[in-house]
Every structure is written in C-alpha cells, then in structure tokens.
Amino acid sequence: MGTPTPTVGTDAVELAIGGMTCASCAARIEKKLNRMDGVEATVNYATEKAKVTFAEDVSVADLIATVEATGYTAHRPAPPRTADTGDGRAGQEDTGDEELRPLRLRLVTAVVLTVPVIAMAMVPALQIEYWQWLSLTLTAPVVTYAAWPFHRAAFTNARHGAATMDTLISVGTSAAFLWSLWALFLGTAGTPGMTHPFEFTIARGDGAGNIYLEAAAGVTAFILAGRYFEARSKRKAGAALKALLELGAKEVTVLREGREQRVPTGDLRVGDRFVVRPGEKIATDGTVVEGSSAVDASMLTGESVPVEVGAGDGVTGATLNAGGRLVVEATRIGADTQLARMARLVEDAQNGKAAAQRLADRISAVFVPVVIGLALATLGFWLGNGSGVTAAFTAAVAVLIIACPCALGLATPTALMVGTGRGAQLGILIKGPEVLETTRGVDTIVLDKTGTVTTGRMTLLAVHTTATATEDEVLRLAGALEHASEHPIAQAVATGAVERTGGSLPVPEDFANVPGLGVQGVVEGHAVLVGREKLLREWSMELPADLARARRDAEAAGRTAIAVAWDGEARAVLEVADAVKGTSPEAVRRLRALGLTPILLTGDNEAVARNVAAEVGIDEVIAEVMPEDKVDVVRKLQAEGRSVAMVGDGVNDAAALAQADLGLAMGTGTDAAIEAGDLTLVRGDLNAAADAIRLSRRTLATIRSNLFWAFAYNVAALPLAAAGLLNPMIAGAAMAFSSVFVVGNSLRLRRFKAA
C-alpha cells in the first residue's frame, strides 16, 4: 500500500505524539500511518504533533492504535490557552518545565557521578586501593537510571527492526558495563590495588582485568547533555502561536445601554459596539460605525502607509488606531478573526514542514547493524578457533565498546554550542540543529519589504519648492503644523523637519485637523495648509506645473505626496515613503553571491514594490499579497522544486516563515515572527541574513566533519578489537583523541567573521 491521495469524504485530525526521541521516530510513525488505506499524515518531531487526513471508514481510534502499535503514544492535544484566561500563560510554562524536569534530573545525576569516574580512570594517581569498586558504585545509577531513555528507545526500535543512535548508545554502554561487572566479580579486575597504567602495547589478552566504566558513564552524560539542550529548543516550537494569541487587545471598551464599560475581549459578541481611542489596539474584526482615523495595519498586511478609515469601512483586530476616536461594530470574534486564522496558518505550516533527519541517526542505521554483526562474527571466529570463551568474549565486547560513540555524543552539541555562541555575538540566534541542515540546500530567498528591506516607518525623502519659498522655511511651517497631528505621515514630516533644519519647531497659534485631507492652522502669522491636493482646492489653490509634475512622479514611484501652502499660495510638495535601509543593496548582492535568488514579497502596491526592488537590485517582485496568501506563495515556490528561505518581521510573515524551508526573522519585528522563524537576526539588518546563512553552513560542515572523524577513529580501531589486540588504554586513548579532535574542530567556529 502506498501513500493515498485524500478523496471526497475525508476528515482531518491533529494528534499529540509521545515517546519520540529523534527525527527517525517521526519518520517511522509517518510511514506507518501512511500505509493505512485512505490516510495521509505528516509527523513533526519538533512540535511532537501529527496532522492526519483520513477517509470516512477510518476512525481516530484506528489512527491512535496504529501509533501505539509502532511503540509510541498518541492523543488529541489540549486546546491552547491564551494569556487573558487568568494564569493560562504561567500554566503553559509550568507544563513545559514539567516535561524538561525528568531529563534535567537525569543529566545532573549523570554529570555529578561521571566526573569522578572519568578522573579515576584517566589519572593513575587517583586510583586508590578500591577505586574500581567506587567507580562501579558511581557508574551503576548512570547506566541504569540516567541512560534509561536510551535503553527504552533501543528496545522499541529493535521491536520494529530499526536501529538508531539510541541503539548504538544502549548496546555500547550496556556492553561496557556488563563486561566490567564480569571482570570485577569473575575476573581479576576486582583485586585490591588493581590499576590501569598508561601502556600503549598491542597484545592479545583475556580481558579479565579490564573495566570500561568510564566509557559507559561518559557516553551517557555527553549524550544526555545534547538531548537536554535539544529538548529546550523544542519547547519554543509552540511559542509562535502563543505570541499570536497574546497579540490582540486584552480588554475593550464596550457601549452597552449608552454607557462605556471595560470588559475582557473574550466577552465580546458579534454585533457589540466598542470604542477605540487613539493609540489603542482594535479588539476584533469589525465595521466602523462612527468616527474616522488612520489605522496602522502594517504588522498584519505589510502595507507601509496607514489606512484611512471612516463609517462603513472594515477594520481588523490587533491593528493600531493611530488617529481619532472610532466606534466599531464587531463582525467576527474568537476563532473567526483574521488573527486567529493566521495562528492556524502558522500551526499548519509548522506541522507540514518535514522534520530534518538527524545525521547521526542516518549513519547509525547502517553502522549499528554492521558493528553488531562484526561483534557476533568476532565471537564466532574466536570460539571456532579454539581460543577459549573468555578470549572470544573479550574480543567481541571490545568491538562493541570501541564502537560506542563517545565523540559522536559531542559532535553535534559542541559545534552547535560554539556556532550558536558565535552567532549570538554577531546578532544571529540559531534555534536548533535541524535548522542547519536546511541552509545547505536553500536556493531562493524571499524578502518581505516592510521592516526587512525597508525601515518599516514613514520617512521624509524629498522636498520640492517653488521660487517663492526655501526648503528650510517650508519645513519649519509644515513641520510645526504636522507636529501637532497624531497621524503617522504627519509625524514623519515633523521628524524630518527637525532633522533637516537642525532646530526646534515653532508652536502653531491655531490648529485644526481636516479628516481625510490634512491639517490647517496658523504658524508664525502665516495661514498654513498641509495635506492632499484636494485640501488646497477647497481653498481655491492649485499646484503650479512644476509641483504638479513632482506630485505625479512621487505617486508613480509609490510615494505619498503632501502639498504645502500658506498665505493663499501653493509653495511645496513633500515626498514621504517607507525608506530603504542603507545596508539592503549590499545585503542583496551578498545573498546572490551565496547562490540565492532574491524575491521581494509584499502586501504593498505594485508601484512601491517595483521602486524598492529596483533600488536594492531585486528582479523578481510579488506585490499586493494578502497575509494568508504569503504562505501560498512560499508553497508554490517549493512546488517548483525550490528550497526557500524567507526573511520577515511582521505578524503577516509568521505563517510564511514557518512554512519556508528556512525562516529568518528580523529581531526588530514582532514576537510572532521571531518565534515562527528558525533563525533570528537581532541586528535588524538584512546583512545579518547573509551572515546567518554563511555561519549556519559553516556550522553544518563542522558537524559533518565531526561525525566523520568521530566514527573514523572508532572504525580504525575495530580491526584491532576484532583481532583481540585492544587493551583498555588504546580504547580509552582512541575515544579521548576523537573527543579532543571534535572539540578542537568545533572551536574553530569562534574565528568566524561577519563580512
């Protein structure tokens, strides 16, 4: 049976999966579910969830039974709790901590008990008269209690004919511990005063005096450390959803029986009318019934220019009222709002992203059976050769011990620790090892415009004047009047005026806001108008030809043109727009040099997008895209066979960041975008995206070389072990040298420099 295509009459369910220890576990569950008739499933190791589409003749109980038969647990997840439900947020954090606590306890136990065991084994001066028995006492809890998750996973894998890194750890540590027990109780290793001297001789022995407790304890401690830090990063998988749920307004002023009343947003009902004052978030999706204002919707739509709204216009929950007082009638609440739909898009994208297979597991799938086969062949050979049971078992167990991946336990964590540490110094936060694998194959990078390529805020870019006015005069008068307005465009003019004139602005003697058109007032004795061309026409003023041409050119380039007049004459046109960051053109060039094709993706209009793209050197533009459609754009590119990286900063980018093969979130953006991304660029500079991809690729290359050498040293010693020529010191030296090499190789990442 293959993977069927969902047909008419299908249903979908999300299941929480328990018991997974690595990405290959997720792949195994996915394979089992997809073998069922009428079922199509994706299992995400990071979120520990399975999204399953199934036919009518399949029940949820059947799906759960299949997962349980594979050796894991499954159940419907509990619904998420938002921050305004009392202590819901704290409850979520406590739950995550509860899940980590057992692993943290095992790690602390392993580290505390392992350090003296390794010290005694490696430093002969510490080998007191009964040191071997003290080592046994300290190692036993490590190999049984601390390593229990590895033994359990190895047993589960064995039942289904699979082998992963867990199998290698369990077999290697068990072999080392059990052989040490035999040598202590039945061999000569338990003799008081026995030592392990530094002898690098190659000679056949019966192994009765050899103990390998430091190998059993050390491997367990190293790999538990890696698992713990990985588990901590996995906890962040649901943080994007939590950030989205917390983005909306927590309280709202509702009009009931003609009176204003503050209530929790969750108490709103469709048809309720609520008040939104300047600077407040709009509580839910609705229609304006009274008032007019400018609404900043950039975080949801990507549109850099605030949207003017009045009676009859629709508004979206979680957007910001930047102007006057509004009365809004709620049309959608709860799960029906655009914000809630975006949260579902993020979750769907996270569940649909294929979990990267761990490199160590892929190697282990081949390496483990080969090692076990070689150990059995060694045992059979020496038994058949008449060398005696003790010598035969010594050689066979030596094969298992030397194959135990001490350096493998360090290969990924050390490179990741050094790489992420260096990244943090450069303003790049890497979330986990799975992220690194995707950077190697990325060939397309989708760049959000607002806040990523551009500054994300309105900026005064140009001033065009007639012969009757100077730029300084225009900015003083227009800036003074606009400074009194709360409109984002007005604030851009006021800020630009202060910066360009280098002084303080005069205080208007009279000021009035003209809704939808601009502002008017008296400044230093002049009657001043600042706003749309229509405002000037209402005062019987027309723009002269040169200013009219400047206005047309500005609007053709996607900029906002503002007319300025005083004392009955039009004297200037100001250009305001979302300015391109100074570093963006160079960043785009560097991204191209890394083999990436840049694409500009924005909710802004086509003219604005084309102008920005031309300025930074991007050829391909996708404009006027709604937030929910950004995910579809990424999916379409992926369907064309491209491996897609996405850089964004807004709530409107969160779902696309989660869907992309590699999500890079600008640290200056919203929490939802940061949590949905795989990499966070703290600096808010697009150059950091190029540095992040370079560092990720370098870190991945280091991990790969670490894994190669971690196995290479052990594989080179396997023939000696099989020949029965391996003494404990050579085994210890091989492990120690491979570990030192891995750590040293990883430390080279500290020299990585941003270009």
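Everything numeric here is computed off the predicted structure, so don't read it as measured data.

A. Looking closely at the overall build of the protein. Helix and strand content of the protein: 26 helices and 26 strands. Taken over 755 residues, the protein has a buried fraction of 53%. Residue pairs at least 24 apart in sequence account for 71% of intrachain contacts in the protein once pairs closer than 6 positions are excluded.

B. Expanded view of the sheet that holds strand β7 (residues 273–276). The antiparallel open sheet is built from 6 strands, whose spatial order is β6-β5-β7-β13-β8-β11. Strands with a single pairing partner mark the edges of an open sheet, and in this sheet they are β6 (259–264) and β11 (314–315). Sheet topology places β7 next to strand β13 (residues 326–332); 4 bridges connect them, and they run antiparallel. Across the sheet, residue Val276 finds its bridge partner in β13, namely Leu326.

C. The UniProt feature "transmembrane region" (unreviewed entry) in the protein, seen in detail. The sites that carry the UniProt feature "transmembrane region" (unreviewed entry) are, in the present numbering, residues 105–124, 130–148, 168–191, 211–229, 363–383, 389–412, 706–723 and 729–747. Summarising residues 130–148: 89% helix, 0% strand, and an end-to-end C-alpha distance of 27 Å. End C-alpha to end C-alpha, residues 706–723 measures 27 Å, and it is 94% helix and 0% strand.

D. Focus on the sheet that holds strand β12 (residues 320–321). With antiparallel pairing, 3 strands are arranged side by side in an open sheet as β10-β9-β12. Of all the strands in the sheet, just β10 (307–309) and β12 have a single pairing partner and so form its edges. The pairing of strand β9 (residues 293–296) with β12 spans 2 bridges and is classified as antiparallel. From the neighbouring strand, Val295 faces β12, where its bridge partner is Asn321.

E. Fine view of unusual backbone geometry. Backbone geometry places Ala318, a non-glycine residue, at a positive phi of 80°. Structurally, Ala318 can be placed in the loop between β11 and β12. What makes Ala318 buried here is its relative accessible area of 1%. Here Asp567, not a glycine, exhibits a phi torsion of approximately 55°, which is positive. Within the secondary structure, Asp567 sits in the loop between β20 (560–566) and β21 (569–580). You can call Asp567 partly exposed: its relative accessible area is 42%.

F. Structural view of a positive patch on the surface. On the surface, a cluster of positive charge is made up of Arg698, Arg748, Arg751 and Lys753. With respect to the secondary-structure elements, Arg748 resides in the segment after α26 (728–747). When its relative accessible area of 47% is taken as the criterion, Arg748 is described as partly exposed.

G. Spatial organisation of a negative patch on the surface. A contiguous patch of negative charge, built from Asp11, Asp37, Glu56, Asp57 and Asp62, is present on the exposed surface. Following the sequence through the fold, Asp37 ends up in the loop between α1 (23–34) and β2 (39–44). For Asp37, a relative accessible area of 53% puts it in the exposed group.

H. Up close: the confidence of the model for the protein. For the protein, the mean per-residue pLDDT works out to 80, and 82% of the residues sit at or above 70. When mean pLDDT is taken per element in the protein, strand β22 (residues 597–601) scores highest with 94 and helix α8 (residues 239–245) scores lowest with 57. Low pLDDT, under 50, characterises residues 1–8; the stretch is placed with 13 contacts to residues that sit more than four places away or in other chains. Low confidence marks residues 80–95, where pLDDT is under 50. Its contacts with residues over four positions away, or in another chain, come to 15 contacts.

I. Seen up close, helix α6 (residues 165–185). Here α6 contains 21 residues, and its C-alpha end-to-end distance of 30 Å stays within 8% of the 30 Å for a straight helix at 1.5 Å per residue. Counting buried residues in α6 gives 15 out of 21 residues, a clear majority hidden from the surface.

J. Geometry of the environment of Asp546. Residue position: Asp546 is located in helix α19 (residues 545–556). Residue classification places Asp546 among the partly exposed positions, given a relative accessible area of 36%. For the pair Asp546 and Thr465, spaced 81 residues apart in sequence, the C-alpha to C-alpha distance is 8.8 Å.

K. Structural context of the side chain of Ser746. With respect to the element layout, Ser746 can be found in helix α26. Engagement of the side chain of Ser746 in a polar contact is seen with the backbone oxygen of Val742, the distance being 2.9 Å. In this structure Ser746 touches Thr414, Ala415, Val418, Thr702 and Asn706, once residues within four positions along its chain are discounted.

L. Looking closely at the environment of Arg256. Relative to the assigned elements, Arg256 resides in strand β5 (residues 251–256). Taking relative accessible area as the criterion, Arg256 reaches 29% and is therefore assigned partly exposed. Separated by 17 residues in the primary sequence, Arg256 and Arg273 place their C-alpha atoms 7.9 Å from one another. Among the polar contacts listed, one links the side chain of Arg256 to the side chain of Asp272, at a separation of 3.1 Å.

M. Quick peek at the pattern of salt bridges. Taken as a whole and judged by the stated rule, the model has 26 salt bridges. Across the pair Arg537 and Glu533 runs a salt bridge, and its minimum N-O distance is 3.2 Å. One end of the pair, Arg537, and the other, Glu533, are both in helix α18 (residues 533–538), 4 residues apart, so they sit about a helical turn from each other. Looking at Arg537, the relative accessible area reads 45%, which means it is partly exposed. Linking Asp691 and Arg590 is a salt bridge whose minimum nitrogen-to-oxygen distance equals 2.5 Å. Here the residue Asp691 occupies a position in helix α25 (residues 687–722), and Arg590 occupies one in helix α20 (residues 584–593), the gap between them amounting to 101 residues. The network of salt bridges with common partners includes Glu533, Arg537, Glu542, Arg551 and Glu555.

N. A look at the pairing of strand β18 (residues 518–523). Bridge analysis of strand β17 (residues 510–514) against β18 gives 5 bridges, and the strand direction is antiparallel. Across the sheet, the residue bridging to Asp510 is Val522, located in β18. Remark: 3 residues form the turn of the hairpin made by β17 and β18, two consecutive strands paired antiparallel; Gly516 in that turn has positive phi of roughly 80°. The pairing of β18 with strand β19 (residues 526–531) spans 6 bridges and is antiparallel. By the bridge assignment, Gly518 is partnered in β19 with Gly531. In this structure, the hairpin formed by β18 and β19 is closed by a connection of 2 residues, where Glu524 is found at a positive phi of approximately 50°.

Rules of the game
Residues numbered from 1 in each chain as written. Predicted model: local features only at pLDDT ≥ 70, side-chain atom pairs only at ≥ 80, totals over all residues. Heavy atoms only, no water. Helix = DSSP H or I, 4+ residues; strand = E, 2+ residues; numbered from the N terminus. Buried < 20%, exposed > 50% of the residue type's maximum accessible area, 1.4 Å probe, protein only. Contact = heavy atoms within 4.5 Å. Pairing = 2+ DSSP bridges. UniProt positions renumbered as here; feature names shortened; annotations may be inferred. Patch = residues over 30% accessible without salt bridge, like charges linked within 9 Å, V, L, I, M, F, W, Y side chains within 5 Å. Areas by Shrake-Rupley, 256 points an atom, 1.4 Å probe, with all protein chains shown as cover. Salt bridge = Lys/Arg side-chain N within 4 Å of Asp/Glu carboxyl O. Lys, Arg positive; Asp, Glu negative; His and termini not counted. Charge placed at Lys NZ, Arg CZ, Asp CG, Glu CD. pLDDT = per-residue confidence, 0-100. Expected span 1.5 Å × (residues − 1). Polar contact = N/O pair within 3.5 Å; in protein donor to acceptor, adjacent residues only side chain to side chain.

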